[in-house]
Amino acid sequence: MRPLFIIRLDEAMQASWLDADSHLVRGELREAAAPAAGRRVVVLVPGEQVLLTQVRLPTRKRQKAAAAVPYLLEDQVAGDVETLHFALGVQDQAGRCAVAVVDKGLMEQWLAALQEAGLRPAVLMPDVLALPRAEGEWTLVLEGGRALLRTGPGTGLAMESQHLDLMLEGALAEAEGEAPAALRLFAGPGGRAPDLARAGLTVNVKPLPGALLNLAGETLDERDGINLLQGTYSVREQLGKAWRPWRPAAVLLLAVLALQATVTIVTYRSASAELDALRDEVKRIYLDAFPAARRVVNVRAQTEQRLKALRGGGKGSLFMGMLARVSAALTAAPGAAVQRLAYKEGELQLALTIGDLQQLEQLKTRLQQERLDVDIQSATSRNKRVEARLVIRGTAS
């Protein structure tokens, strides 16, 4: 694995990192691009801006757990879960999973600044999870006016040091029977050690080697924390954002595909009947793809408006790329009629009717030729037709 290059961001978006001699450097993000070249970039963000919590999950399947977590934590977070990003950590034997919760706007701000500076991080995590950890022990770092407390693989707190005693008291009360036997304390200049006489903890005081980055450079284990680059913010999804400038071309591609589909259909049936059917199909796909739409007046114009609304994230390019390839396969499948279409997290769920099982297999082959991963969930013969449900996965490439 490539050597790590750790960058730390503060709340003012100022960056700090270590030079070749392990001296702390502070500056603009773009200044870190040169020393980061060829290295695996880990970015630490302020722990105060990320909520670290735990939730008991009903399943160990990662994809299903990721879908359930926002609603399991709905009562514990402030604001609408739709505006928050949830990243999963390690799940223990009791089914409890560490979860990091952060505002999507902050994620977009961090990633935009990193991209502008020419940096593509492999890991983005709260700085409190960069602290070293040992079983049965908590780690506390006092750095200037900040206090960072790590309590587990994916749990911890960060706040102003003036609230340290209150923070420790609350953390110990919440831990109940799982309270640590010892506290490892790293205190920098001006750090005030907490009063732990009542807590009954053994305190092992260690000197802070320079700054938190020096400590993280010696002990950071990225597998022992929570990488915020998950789901729509994964490295794979971020690469998809590079296609945003090509989205106007995607609209043109859809128009070309529609024309090709029309020409193909005209060769089999009369032009007027097939054009009417095609218009109805396009409207149905549009309404399935955009459930909030109530009226369809001009499909092309309305689709362009929806695409403009999607330009703020990476989901739009993936969805439109998949839709274009699925449309190409469907237009070549005689008798196929879409009943329902839904899209979420890179997965297209398609319900349709088709003439028979042979035509269904032919459709599957065409979709695979479009570089799509196809899973036929069910296929039922009814009224001399086959009703089928497909799950389709692919990329925006």
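Preceding this paragraph is the structure being described.
Conventions we followed
Residues numbered from 1 in each chain as written. Predicted model: local features only at pLDDT ≥ 70, side-chain atom pairs only at ≥ 80, totals over all residues. Heavy atoms only, no water. Helix = DSSP H or I, 4+ residues; strand = E, 2+ residues; numbered from the N terminus. Buried < 20%, exposed > 50% of the residue type's maximum accessible area, 1.4 Å probe, protein only. Contact = heavy atoms within 4.5 Å. Areas by Shrake-Rupley, 256 points an atom, 1.4 Å probe, with all protein chains shown as cover. Patch = residues over 30% accessible without salt bridge, like charges linked within 9 Å, V, L, I, M, F, W, Y side chains within 5 Å. Salt bridge = Lys/Arg side-chain N within 4 Å of Asp/Glu carboxyl O. Lys, Arg positive; Asp, Glu negative; His and termini not counted. Charge placed at Lys NZ, Arg CZ, Asp CG, Glu CD. Expected span 1.5 Å × (residues − 1). Arc of directions from axis to C-beta. Polar contact = N/O pair within 3.5 Å; in protein donor to acceptor, adjacent residues only side chain to side chain. Pairing = 2+ DSSP bridges. Axes fitted to C-alpha atoms, helices over the stretch in contact; angles between N-to-C directions.

> Help me understand the overall build of the chain, please; the structure alone is not making it clear to me.
A tally of helices and strands in the chain yields 11 helices and 17 strands. Taken over 397 residues, the chain has a buried fraction of 45%. When contacts within the chain are restricted to residue pairs at least 6 apart in sequence, those whose partners lie at least 24 apart make up 61%. Accessible area for the chain stands at about 21000 Å²; split by element, carbon and sulfur atoms hold 51% of it.

> Looking at this structure, I do not really get a negative patch on the surface. What am I missing?
On the surface, a cluster of negative charge is made up of E74, D75, D80 and E82. Inspection of the secondary structure assignment puts D80 in the loop between α2 (62–72) and β6 (84–91). Here D80 falls in the partly exposed class, since its relative accessible area comes to 43%.

> I tried to follow helix α3 (residues 104–116) on my own but got confused; where do I start?
Think of an α-helix as turning once every 3.6 residues; residues three or four places apart then point the same way. The first and last C-alpha atoms of α3 sit 18 Å apart over 13 residues, in line with the 18 Å expected at 1.5 Å per residue. All buried positions along α3 are accounted for by L106, M107, W110, L111, A113 and L114. End-on view of α3: buried residues confined to an arc of 160°, all on one side of the axis. Two or three places before G105, at the opening of α3, D103 has a side-chain oxygen 2.7 Å from that residue's backbone nitrogen. Downstream of α3 by one or two residues, G118 has phi in the positive range, about 80°.

> What am I meant to see in the sheet that holds strand β14 (residues 337–344) here?
Within a sheet, adjacent strands bond to each other through the backbone by hydrogen bonds, running parallel or antiparallel. Spatial ordering of the open sheet is given by β14-β15-β17-β16, a layout of 4 strands whose pairing is antiparallel. Among the strands making up the open sheet, the edge pair consists of β14 and β16 (373–382). Between one strand axis and the next, the sheet turns by 15° as a mean value, whatever way the strands run. Both strand β15 (residues 347–354) and strand β17 (residues 385–393) contribute to a ladder of 8 bridges, which runs antiparallel.

> Just checking my understanding: could you explain the pattern of salt bridges for this structure?
Once their charged atoms are close, side chains differing in charge can pair, the charge on each being opposite to the other. Going through the model one piece at a time under the given rule, you end up with 14 salt bridges. Close ionic contact of R146 with D127 constitutes a salt bridge, the shortest N to O distance being 3.1 Å. Of this pair, R146 sits in strand β10 (residues 146–150) while D127 sits in the loop between β8 (123–126) and β9 (137–143); the two residues are 19 residues apart in sequence, bridging distant segments of the chain. Residue class for D127 comes out buried when judged on its relative accessible area of 1%. As a salt-bridge pair, D224 and R133 come within 2.9 Å of each other at their nearest N and O atoms. With D224 in the loop between α5 (212–219) and α6 (235–240) and R133 in the loop between β8 and β9, this pair connects stretches of sequence that are 91 residues apart. The class for D224 is buried, based on a relative accessible area of 17%. Exposure remark for R133: the relative accessible area of 25% places this residue in the partly exposed category.

> Looking at this model, I keep getting lost on the sheet that holds strand β1 (residues 4–9). Mind explaining?
Across the sheet, which stays open at both edges, the 5 strands sit in the order β3-β2-β1-β4-β8 with mixed pairing between neighbours. Here the strands that pair on one side only, and so sit at the sheet edges, are β3 (24–27) and β8. Going from strand to strand, the sheet's axes swing by 25° on average, the running direction of each strand aside. Relative to β8, strand β4 (residues 40–45) runs parallel, the two sharing 4 bridges. Following the sheet pairing, V42 is matched in β8 by V123. Relative to the sheet, α3 contacts β1, β4 and β8, its axis offset from that of β8 by approximately 135°. Contacting β1, β2 (15–18), β3 and β4, α5 runs over the sheet at an angle of about 150° to β1.

> Teacher, can you tell me more about helix α4 (residues 164–175) here?
If you check α4, its first and last C-alpha atoms are 16 Å apart, about what 12 residues at 1.5 Å a residue would give, namely 16 Å. When α4 is considered as a whole, its buried residues turn out to be L164, M167, L168, A171, L172 and A175. All buried residues of α4 lie within an arc of 125° about the axis, which places them on one face of the element. Exposed positions of α4 whose direction lies more than 90 degrees from the buried face are L166, E169, A173 and E174. The elements touched by buried residues of α4 are β9, β10 and β11 (156–160).

> Can you walk me through unusual backbone geometry in this structure?
Backbone phi values are negative for most residues with the exception of glycine, while trans is the configuration of most peptide bonds. Of note in the backbone geometry, M13 takes a positive phi value of approximately 65° without being a glycine. Its identity as a non-glycine residue notwithstanding, N383 has a phi of 55°, on the positive side. With respect to the helices and strands, N383 occurs in the loop between β16 and β17. Classification of N383 by relative accessible area gives exposed; the value is 71%.

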